[in-house]
Amino acid sequence: MRSDDVRSLLKAAVPTAAAGAIAAVISAFVVGGKGAVGAVVATVVVILFMGLGFVVLQRTAKSLPHLFQAMGLMLYAAQILLLFVFLAVFKNTTLFHPRAFAITLVATTLVWIGAQTRAHMKAKILYVEPDSTKPDSTKGEKPENPGSKS
């Protein structure tokens, strides 16, 4: 994984963890210990699901760039399905408070998406690959005009 990918991942994960910590404190105050556990579990689930999705998407972009958009759509569908499986497994749990879990899950997901969007907007990503084989315009050479001659 490239260093700018790691920075983008951290710029999304750190605010999400901070939002999860705030949600855990609020849930502990409102609901009690089970609310705090629910908020922490929701935060961990969001960071794991979204982080793994980010890593998979970056690897796909490097190895199969023509499948990037389709892979992104499939990945988000898979994340939703995995979340439904997680919710079905812990449907009747007494380990944590389900409402605190759900609210924190939605809130931290929105924080992740917002932070990831902000990180992408702030990133200086080249959209044109620089070509080192072209003549240097500072040496007085004129580049050839590839247009039609009519």
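I will try to describe carefully the structure that is included in this document. Sequence order as written defines residue numbering, which begins from 1 separately in each chain. Confidence filtering applies because this is a predicted model: local features only for residues at pLDDT of at least 70, side-chain atom pairs given and counted only at 80 or more, and all residues used for totals across whole chains, interfaces and linings. Computation of side-chain values: all heavy atoms of the structure, hydrogens and water removed.

Let us now look at the overall build of the protein. Scanning the protein from N- to C-terminus turns up 4 helices and 0 strands. Labels follow the DSSP assignment, with helices taken as runs of H or I lasting at least four residues and strands as runs of E lasting at least two, numbered in each case from the N terminus. Each helix (α) and strand (β) of the protein, taken in turn from the N terminus, gives the series α-α-α-α. Buried residues are those whose accessible area, probed at 1.4 Å on protein chains only, stays under 20% of the maximum for their type, while exposed residues exceed 50% and partly exposed ones sit between those limits. Across the 150 residues that make up the protein, the buried fraction comes to 26%. Nonlocal contacts in the protein, meaning residues at least 24 apart in sequence, comprise 75% of its contacts between residues at least 6 apart. If you sum the accessible surface of the protein, you get close to 11000 Å²; carbon and sulfur atoms cover 68% of it. Two residues form a contact once any of their heavy atoms are found within 4.5 Å. Note that accessible areas follow from Shrake-Rupley with a 1.4 Å probe, and for residues the cover is restricted to the protein chains shown.

Attention shifts here to a positive patch on the surface. Within this analysis, patches are made of residues with over 30% relative accessible area and no salt bridge. Like charges are joined at 9 Å or less; nonpolar side chains (Val, Leu, Ile, Met, Phe, Trp, Tyr) at 5 Å or less. Salt bridge, as used here: a side-chain nitrogen of Lys or Arg that lies within 4 Å of a carboxyl oxygen of Asp or Glu. By the counting rule applied here, Lys and Arg register as positive and Asp and Glu as negative, while His and the ends of each chain are not counted. Note on charges: their place is set at NZ of Lys, CZ of Arg, CG of Asp or CD of Glu. Taken together, Arg7, Lys11, Arg118, Lys122 and Lys124 make up a surface patch of like positive charges. The set of elements that each furnish at least two residues to the positive patch consists of α1 (3–30) and α4 (98–122). By the secondary structure assignment, Lys124 is in the segment after α4. For Lys124, a relative accessible area of 81% puts it in the exposed group.

This brings us to the packing of helix α2 (residues 33–63) against helix α3 (residues 68–89). At a minimum axis distance of 10 Å, the contact between α2 and α3 shows a crossing angle of 155°. It follows from the interaxial angle that α2 and α3 lie roughly antiparallel. Of the two possible hands of crossing, α2 and α3 adopt the one that is right-handed. Here Val41, Val45, Phe49, Met50, Gly53, Val56, Leu57, Thr60 and Ala61 of α2 come into contact with α3, specifically with Phe68, Met71, Gly72, Leu75, Gln79, Leu82, Leu83 and Phe86. Taken together, the residues that form the contact of α2 with α3 break down as 13 nonpolar, 4 polar and no charged. Note on geometry: axes are lines fitted to C-alpha atoms, helical ones only across the stretch in contact, with angles between N-to-C directions running from 0 to 180 degrees. In what follows, roughly perpendicular refers to angles from 65 to 115 degrees, roughly parallel to angles under 35, roughly antiparallel to angles over 145, and oblique to any angle outside these ranges. In this scheme, a crossing is called left-handed if the near helix is turned counterclockwise away from the far one by less than a right angle; it is called right-handed if the turn is clockwise. All residues other than Ala, Val, Leu, Ile, Met, Phe, Trp, Tyr, Cys, Pro, Asp, Glu, Lys and Arg, Gly among them, are scored as polar; the first ten of these are nonpolar and the last four charged.

Here we take up the packing of aromatic side chains. Working definition: rings of Phe, Tyr and Trp (its six-membered ring) pair if their centres are within 6.5 Å, and the pair is stacked with planes under 30 degrees apart, edge-to-face with planes over 60 apart, and tilted otherwise. Within the structure shown, the criterion is met by 4 aromatic pairs. Three or more aromatic residues link up through ring pairs in this structure, and these residues are Phe86, Phe90, Phe96 and Phe101.

Axis separation between α2 and α4 bottoms out at 8 Å; the angle between their running directions is 35°. Helix-helix and strand crossings are classified by hand; for α2 and α4 the assignment is right-handed. From α2, Gly35, Gly38, Ala39, Val41, Ala42, Thr43, Val45, Val46, Ile47, Met50, Gly51 and Phe54 reach across to α4, where they touch Ala100, Phe101, Thr104, Leu105, Thr108, Thr109, Trp112, Ile113 and Gln116. Among the residues making up the contact of α2 with α4, the classes are represented as 13 nonpolar, 8 polar and no charged.

Moving on, we get to the environment of Trp112. Within the secondary structure layout, Trp112 lies in helix α4. Given a relative accessible area of 1%, Trp112 falls into the buried group. Sequence-wise, Trp112 and Ala17 are 95 residues apart; in three dimensions their C-alpha atoms are separated by 9.1 Å. Filtering out sequence-adjacent residues up to four positions away, Trp112 remains in contact with Leu9, Ala12, Ala13, Thr16, Val46, Ile47, Met50 and Gly51.

Any helix carries an expected span of 1.5 Å times its number of residues minus one. The end-to-end C-alpha separation of α4 is 36 Å, in line with the 36 Å expected for 25 residues at 1.5 Å each. Of all the positions in α4, only Ala100, Phe101, Thr104, Leu105, Thr108, Trp112, Ala115 and Ala119 are classed as buried.

This part takes up the nonpolar core. Counting residues in each nonpolar core, the largest one holds 13 residues, and the members touching the most others are Val45, Val46, Phe101, Leu105 and Trp112. Discounting residues that sit within four places of it in the chain, Val46 has contacts with Thr16, Gly51, Leu105, Thr108, Thr109 and Trp112. Buried Ala, Val, Leu, Ile, Met, Phe, Trp, Tyr and Cys residues form a nonpolar core when they are joined through side-chain atoms within 4.5 Å.

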